[in-house]
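Descriptive structure summary
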Amino acid sequence: MILKEAIQLLAPVLKEENMFSDSELDTKIFIYDRKASNEDKAYDNVAGEAIVDTGKSLGFWLDRTSMKEGSFSSLLSTSLHELTHKFGGDESSTFSYKLTDVMEKVFAAINNNPNLAVQLKVLEQAW
């Protein structure tokens, strides 16, 4: 899967400071269809949902429609967001700070490694 390849390209920087483990970055991605859900309308605008157990990311769900209609950068951002939920929920300051750290590491890696930027662009074109 293209998103898993992108996460693996980013893995070296995401493993810094023990932010994510190898198993978390070799993540499981599950697909759901929010339009087919019998749930209430709570998931109407949800593109992804983290799977976390005792502070460890076990993977995440991505909405089928978002995957079909969303851009590569949008889905990669959502994937990194969901992985970062191992640090807390959307309302958690710890989660917010860690998500900022993740973004900083990813942007720095792309800026400092033109080859990484090219590899991500190739994956985006394949998307």
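The notes below deal with the structure included here. This structure is a prediction, so every number in the text was calculated from the model and none was measured. (Residues numbered from 1 in each chain as written. Predicted model: local features only at pLDDT ≥ 70, side-chain atom pairs only at ≥ 80, totals over all residues. Heavy atoms only, no water.)

On to the pattern of salt bridges. For the structure on display, the rule yields six salt bridges. The residue Asp 22 makes a salt bridge to Lys 15 at a minimum N-O spacing of 2.9 Å. Of the residues examined, Asp 22 reaches a relative accessible area of 52% and is grouped as exposed. Here Glu 124 makes a salt bridge to Lys 121, at a shortest N to O gap of 3.0 Å. Within this pair, Glu 124 and its partner Lys 121 are both found in helix α6 (residues 114-126), separated by three residues, close to a single helical turn. The exposure class assigned to Glu 124 is partly exposed, which follows from its relative accessible area of 30%. Residue Lys 121 is classed as partly exposed on the basis of its relative accessible area, which comes to 45%. Through salt bridges with shared partners, one network takes in Glu 16, Glu 17 and Lys 105. (Salt bridge = Lys/Arg side-chain N within 4 Å of Asp/Glu carboxyl O. Buried < 20%, exposed > 50% of the residue type's maximum accessible area, 1.4 Å probe, protein only. Helix = DSSP H or I, 4+ residues; strand = E, 2+ residues; numbered from the N terminus.)

With respect to the element layout, Leu 25 can be found in helix α2 (residues 22-25). The class of Leu 25 is buried, set by a relative accessible area of 2%. Sequence separation between Leu 25 and Leu 9 is 16 residues, and the spatial gap between their C-alpha atoms is 10.0 Å.

Grouped together as the largest cluster of nonpolar side chains are 25 residues, with contacts concentrated most on Leu 10, Leu 14, Leu 76 and Leu 80. At the level of secondary structure, the elements contributing two or more residues to this core comprise α1 (2-14), β3 (56-63), α4 (72-84), α5 (93-112) and α6. No other element matches the seven residues that α1 contributes to this core. Leave out the neighbours within four places in its chain, and Leu 10 touches Leu 76, Leu 80, Val 106, Leu 116 and Leu 120. (Core = buried A, V, L, I, M, F, W, Y, C linked by side-chain atoms within 4.5 Å. Contact = heavy atoms within 4.5 Å.)

This part takes up unusual backbone geometry. Even without glycine at this site, Asn 18 takes up a positive phi of about 55°. Checked against the element boundaries, Asn 18 lands in the loop between α1 and α2. When its relative accessible area of 72% is taken as the criterion, Asn 18 is described as exposed. The backbone phi angle of Thr 54 is positive, close to 45°, even though this residue is not glycine.

Next up on the list: the packing of aromatic side chains. The geometry of an aromatic ring pair comes down to the distance between the two centres and the angle between the two planes. In this structure the tally under the stated criterion is four aromatic pairs. A centroid spacing of 6.0 Å and a plane angle of 70° characterise the contact between Phe 20 and Phe 87, whose relative ring orientation is edge-to-face. Within this pair, whereas Phe 20 is found in the loop between α1 and α2, its partner Phe 87 is found in the loop between α4 and α5, the two being separated by 67 residues in sequence. Judged by its relative accessible area of 4%, Phe 20 is buried. A ring pair is formed by Phe 30 and Trp 61, whose centres lie 5.1 Å apart and whose planes are at 35°; its orientation type is tilted. Here Trp 61 lies in strand β3 and Phe 30 lies in strand β1 (residues 29-32), a separation of 31 residues in the sequence. By relative accessible area, Phe 30 is classed as partly exposed at 32%. Here a set of aromatic residues connected by ring pairs shows up, and it is made of Phe 30, Tyr 32 and Trp 61. For Lys 98, the ring lying beneath its charged end belongs to Phe 87, and the centroid distance is 5.1 Å. (Phe/Tyr/Trp six-rings, centres within 6.5 Å; stacked < 30°, edge-to-face > 60°. Lys NZ or Arg CZ within 6 Å of the ring centre and 35° of its normal.)

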